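One-letter residues, chain by chain:
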Amino acid sequence: MKKIFIANWKMNLNQKAISSYLRKIKTTDFSSAEIVLAPAFPYLSLVFTALKKNKIKIAAQDVASTKEGAFTGEVSAKMLKDFGVKMVLIGHSERRHYFHEGDDLINEKVKQTLENGLTPILCIGETLAEKVQGQRSTILNQQLRQALKNITKDNLKKIIIAYEPVWAIGTGNVVTEMELDEAFRVIKRTMIGLLGNDFFEKNTVFVYGGSVDEKNIVAFKKIPYLQGFLIGGASLTVEKFKAIIQA
Ligand code: PGA
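Residues numbered from 1 in each chain as written. Predicted model: local features only at pLDDT ≥ 70, side-chain atom pairs only at ≥ 80, totals over all residues. Heavy atoms only, no water.

Participant: How would you summarise the overall build of the protein if you had to cite specific residues and measurements?
Facilitator: Scanning the protein for helices and strands turns up 12 helices and eight strands. The C-alpha atoms of the protein give a radius of gyration of 17 Å, which matches the 18 Å a tight globule of 247 residues would have. Projected onto the principal axes, the alpha-carbon positions of the protein cover approximately 45 × 45 × 35 Å. Out of the 247 residues belonging to the protein, those deemed buried represent 49%. Total accessible area on the protein is roughly 12000 Å²; 52% of this is exposed by carbon and sulfur atoms. (Helix = DSSP H or I, 4+ residues; strand = E, 2+ residues; numbered from the N terminus. Rg over C-alpha atoms; globule rule 2.2 N^0.38 Å. Buried < 20%, exposed > 50% of the residue type's maximum accessible area, 1.4 Å probe, protein only. Areas by Shrake-Rupley, 256 points an atom, 1.4 Å probe, with all protein chains shown as cover.)

Shown next as structure tokens:
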């Protein structure tokens, strides 16, 4: 399977910077990797139009938890689909912490995304305090179970799970291989409980995010179960993002 590289631009870049980024990324040969770009909502159309004939996929950074109607400021999964979006980031720690998104809301967002045929990239991860208190396993198991409540097995197979320890996001700190192993074991156990053994091995995509850059990515390459990366800061310039993929 090709490794997947998801660029989470967060609330960064503007029309001019994105146009220039797209011009450069479009002409690069990434046949050995799957590339996903997650721009802010106003730029979805720009990215969609520019990438129409390209294999690069588009992800949204958020989605409404409801289908449609009087929800000022919200963007539905159906609208995202209309603009060529294939994936949606859900449960990112910045949304959990700054916007107080709880597990029930995250669960609804996962459902809306799946109902519209899009792939949720479900982000889970412990805070520094939780890590220090040895709660990593408990937190990951809890976040996963809550987010995936009442979702059919068929839909569960389509989910990408991003392990993003909160203390590693934007801090320059990355997980050790041992920490990643522990996270993967918990996620695997929980997903096998929900899906069954065979389905997990065949379907669940596991990616890591948190201060990934072109240097530290080299150490992650040998980890067999890691299928990709969610990259924030280092995805903001096309040169850095390309360097990560090429590394
Ligand atoms: P970072 O962000 O690479 O800047 O740490 C990752 C993320 O928040 O998805």
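Participant: Quick rundown of the packing of helix H7 (residues 136-147) against helix H9 (residues 177-195)? Include the residues and the values.
Facilitator: One way to put it is that H7 packs onto H9 with a least axis distance of 9 Å and a crossing angle of 35°. Handedness of the H7/H9 crossing: right-handed. Contacts from Arg136, Ser137, Leu140, Asn141, Leu144 and Arg145 in H7 reach Glu179, Glu182, Ala183, Val186, Ile187, Thr190, Met191 and Leu194 in H9. Across the contact of H7 with H9, the residue classes tally to seven nonpolar, three polar and four charged. (Axes fitted to C-alpha atoms, helices over the stretch in contact; angles between N-to-C directions. Left-handed = near helix turned anticlockwise from the far one by under 90°. Contact = heavy atoms within 4.5 Å. Nonpolar A, V, L, I, M, F, W, Y, C, P; charged D, E, K, R; others polar.)

Participant: Give a detailed account of the site of the ligand, specifying residues and quantitative values.
Facilitator: Taken together, 13 residues are adjacent to the ligand, and Lys10, His92, Glu164, Gly170 and Ser211 come closest. Between the ligand and lysine 10, the relevant distance is 2.7 Å, taken from an oxygen atom to a side-chain nitrogen or oxygen of the residue. Taking histidine 92, its side chain carries an N or O atom lying 2.7 Å from an oxygen atom of the ligand. If the ligand stood free it would expose 280 Å²; the protein chains cover 95% of that surface. (Near = heavy atom within 4 Å. Polar contact = N/O pair within 3.5 Å; in protein donor to acceptor, adjacent residues only side chain to side chain.)

Participant: Just give me the short version of the nonpolar core, but keep the residues and values in it.
Facilitator: Counting residues in hydrophobic clusters, the biggest one holds 65 residues, and the most contacted among them are Phe5, Ile25, Ile35, Leu37, Leu180 and Phe241. Examining the composition of this core, we find that seven residues originate from one element, H9, more than from any other. Those residues within four positions of leucine 180 in sequence are excluded, and the remaining contacts are Tyr163, Val175, Phe206, Tyr208, Phe220, Ile223, Tyr225 and Leu226. Within the second largest apolar cluster, 14 residues are counted, among which are Ala38, Ala59, Ile160 and Leu230. (Core = buried A, V, L, I, M, F, W, Y, C linked by side-chain atoms within 4.5 Å.)

Participant: Any details on the pattern of salt bridges? Residues and values, ideally.
Facilitator: Evaluation of the coordinates by the stated rule reveals 17 salt bridges. Between lysine 109 and aspartate 62 there is a salt bridge, with the nearest N and O atoms lying 2.7 Å from each other. Of the two residues, lysine 109 is situated in helix H5 (residues 103-115) and aspartate 62 in the loop between strand E3 (57-60) and helix H3 (77-82); the sequence distance between them amounts to 47 residues. Pair check on accessibility: lysine 109 and aspartate 62 agree, each one buried. A salt bridge links lysine 215 to glutamate 214, with the shortest nitrogen-to-oxygen separation between them at 3.9 Å. (Salt bridge = Lys/Arg side-chain N within 4 Å of Asp/Glu carboxyl O.)

Participant: With reference to specific residues and values, describe a positive patch on the surface.
Facilitator: Residues Arg23, Lys26, Lys52 and Lys53 make up a contiguous surface patch of positive charge. Position of lysine 26 among the secondary structure elements: in helix H1 (residues 15-26). Looking at lysine 26, the relative accessible area reads 38%, which means it is partly exposed. (Patch = residues over 30% accessible without salt bridge, like charges linked within 9 Å, V, L, I, M, F, W, Y side chains within 5 Å. Lys, Arg positive; Asp, Glu negative; His and termini not counted. Charge placed at Lys NZ, Arg CZ, Asp CG, Glu CD.)

Participant: Before we move on, can you summarise the packing of aromatic side chains with the specific residues and values?
Facilitator: Counted according to the given criterion, the structure contains nine aromatic pairs. Measuring from ring centre to ring centre gives 5.8 Å for phenylalanine 206 and tyrosine 225, while their planes differ by 55°; the resulting arrangement is tilted. Highlighted residues: phenylalanine 206 in strand E7 (residues 205-209) and tyrosine 225 in the loop between helix H11 (217-220) and strand E8 (228-231), separated in sequence by 19 residues. With respect to burial, phenylalanine 206 and tyrosine 225 carry one shared label: buried. We note arginine 95 situated over the ring of phenylalanine 99; from NZ or CZ to the ring centre the distance is 4.2 Å. Between the NZ or CZ atom of lysine 131 and the centre of the ring of tryptophan 167, over which it lies, the distance is 3.9 Å. (Phe/Tyr/Trp six-rings, centres within 6.5 Å; stacked < 30°, edge-to-face > 60°. Lys NZ or Arg CZ within 6 Å of the ring centre and 35° of its normal.)

Participant: A description of the environment of glutamate 182 should follow, citing residues and the corresponding values.
Facilitator: Turning to its location among the elements, glutamate 182 is positioned in helix H9. Among the residues examined, glutamate 182 registers a relative accessible area of 23% and is labelled partly exposed. Sequence spacing of glutamate 182 and leucine 140 is 42 residues, and the spatial spacing of their C-alpha atoms is 10 Å. The residues contacting glutamate 182, other than those within four sequence positions of it, are Arg136 and Ser137.

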